[in-house]
Amino acid sequence: DAGVTQSPTHLIKTRGQQVTLRCSPKSGHDTVSWYQQALGQGPQFIFQYYEEEERQRGNFPDRFSGHQFPNYSSELNVNALLLGDSALYLCASSSLGRLTGELFFGEGSRLTVL
Amino acid sequence: AQRVTQPEKLLSVFKGAPVELKCNYSYSGSPELFWYVQYSRQRLQLLLRHISRESIKGFTADLNKGETSFHLKKPFAQEEDSAMYYCALRSAGGGADGLTFGKGTHLIIQP
């Protein structure tokens, strides 16, 4: 099991552009969460997807949107990029049926906005 | 609003010395607390959760609701403990709810 995989690992965009990040959860997991980690900060919860629907959302603007596919993989989309969107974006998977709170993280996608 | 505070950005101790990484939280309900760790060039991973009341790699953490703290302790530090440590919170019974993380403490164990 490769665990949680994310792509791309690095990308550079300019202000105003749009970006899509992808995540495949750990085998057996049905829930995907996205976190933003700015430099020197802890991960900040963006939103969580379960059964192809947004189940919970953190304090992020509507420019941040997502999707979950029938195979449980997920995408994070960010529109109208701002310089402040530069960060490491982490995907974490879990199983909603196992209420342990343990998240399995990917290695992240590092986004730089110029 | 819930908040997790880790007052130390960096903590450096010598091998064999005791370690305590501080974590304080602010939450109006009943919380569940976690410690996540990130070793060099590895992913963020769960170290321990308060409901398990277990010792992992010699680390323990006790939830103190009176002081709203969840400090991580180890009596004798080892060089392989060097890593970034994040304290995290969610509501009790929150299933797979999103976690609120602190800013992290970089622990360096000197030989």
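Check the entry above for the structure.
To keep things clear, this report deals only with the structure shown in the data block.

Criteria and cut-off values
- Residues numbered from 1 in each chain as written.
- Chains lettered and ligands numbered in written order.
- Predicted model: local features only at pLDDT ≥ 70, side-chain atom pairs only at ≥ 80, totals over all residues.
- Heavy atoms only, no water.
- Disulfide = S-S within 2.5 Å.
- Helix = DSSP H or I, 4+ residues; strand = E, 2+ residues; numbered from the N terminus.
- Polar contact = N/O pair within 3.5 Å; in protein donor to acceptor, adjacent residues only side chain to side chain.
- Contact = heavy atoms within 4.5 Å.
- Buried < 20%, exposed > 50% of the residue type's maximum accessible area, 1.4 Å probe, protein only.
- Pairing = 2+ DSSP bridges.
- Salt bridge = Lys/Arg side-chain N within 4 Å of Asp/Glu carboxyl O.
- Core = buried A, V, L, I, M, F, W, Y, C linked by side-chain atoms within 4.5 Å.

### What to know about the state of the cysteines
Residues and elements named next belong to chain A. In this structure the tally under the stated criterion is 2 disulfides over all chains. With a sulfur-sulfur separation of 1.8 Å, cysteine 23 is cross-linked through a disulfide to cysteine 91. The S-S bond linking cysteine 23 to cysteine 91 shows a torsion near -60°; that makes this disulfide left-handed. Here the residue cysteine 23 occupies a position in strand β3 (residues 19–24), and cysteine 91 occupies one in strand β9 (residues 87–94), the gap between them amounting to 68 residues.

### Re the side chain of B:Thr100
Residues and elements named next belong to chain B. Within the element layout of this structure, threonine 100 appears in strand β10 (residues 100–101). Within the local environment of threonine 100, its side chain forms a polar contact with the side chain of glutamine 2, the two groups lying 2.7 Å apart. Apart from residues no more than four positions distant in its own chain, threonine 100 is found in contact with Gln2, Arg3, Val4, Cys87, Ala88 and Leu89.

### Thoughts on the environment of A:Asn71
By the secondary structure assignment, A:Asn71 is in the loop between β7 (64–68) and β8 (74–78). Expressed as a C-alpha distance, the spacing of A:Asn71 and A:Ser24, which sit 47 residues apart in the sequence, is 8.7 Å.

### Some thoughts on the pairing of strand β6 (residues 45–49) of chain B
Residues and elements named next belong to chain B. Of all 5 residues making up β6, 4 are buried, and the element is well covered by its neighbours. Sheet topology places strand β5 (residues 31–38) next to β6; 4 bridges connect them, and they run antiparallel. Bridge pairing in β6 places valine 37 opposite glutamine 45. Between the antiparallel neighbours β5 and β6 lie 6 residues, among them arginine 41 with a positive phi of about 60°.

### Description of the pattern of salt bridges
Residue and element names in this part refer to chain A. Here the structure, examined in full by the defined rule, presents 8 salt bridges over all chains. Residue arginine 22 is joined to glutamate 75 by a salt bridge in which the shortest nitrogen-to-oxygen separation is 3.5 Å. Here arginine 22 is found in strand β3, whereas its partner glutamate 75 is found in strand β8, with 53 residues between them in sequence. Exposure remark for arginine 22: the relative accessible area of 40% places this residue in the partly exposed category.

### Thoughts on the nonpolar core
In this structure, B:Trp35, B:Leu72 and B:Tyr85 are the most contacted members of the largest nonpolar core, which totals 24 residues. Of all elements in the fold, only β2 (10–14), β3 (19–21), β5, β6, β9 (83–91) and β11 (105–110) of chain B reach the threshold of two or more residues within this core. Per element, the largest residue contribution to this core is 4 residues, and it comes from β9(B). Counting 20 residues, the second-largest nonpolar core is a separate cluster that includes A:Val4, A:Leu21, A:Ile46 and A:Cys91.

Keep in mind that these numbers describe shape and distance, not what the molecule does.
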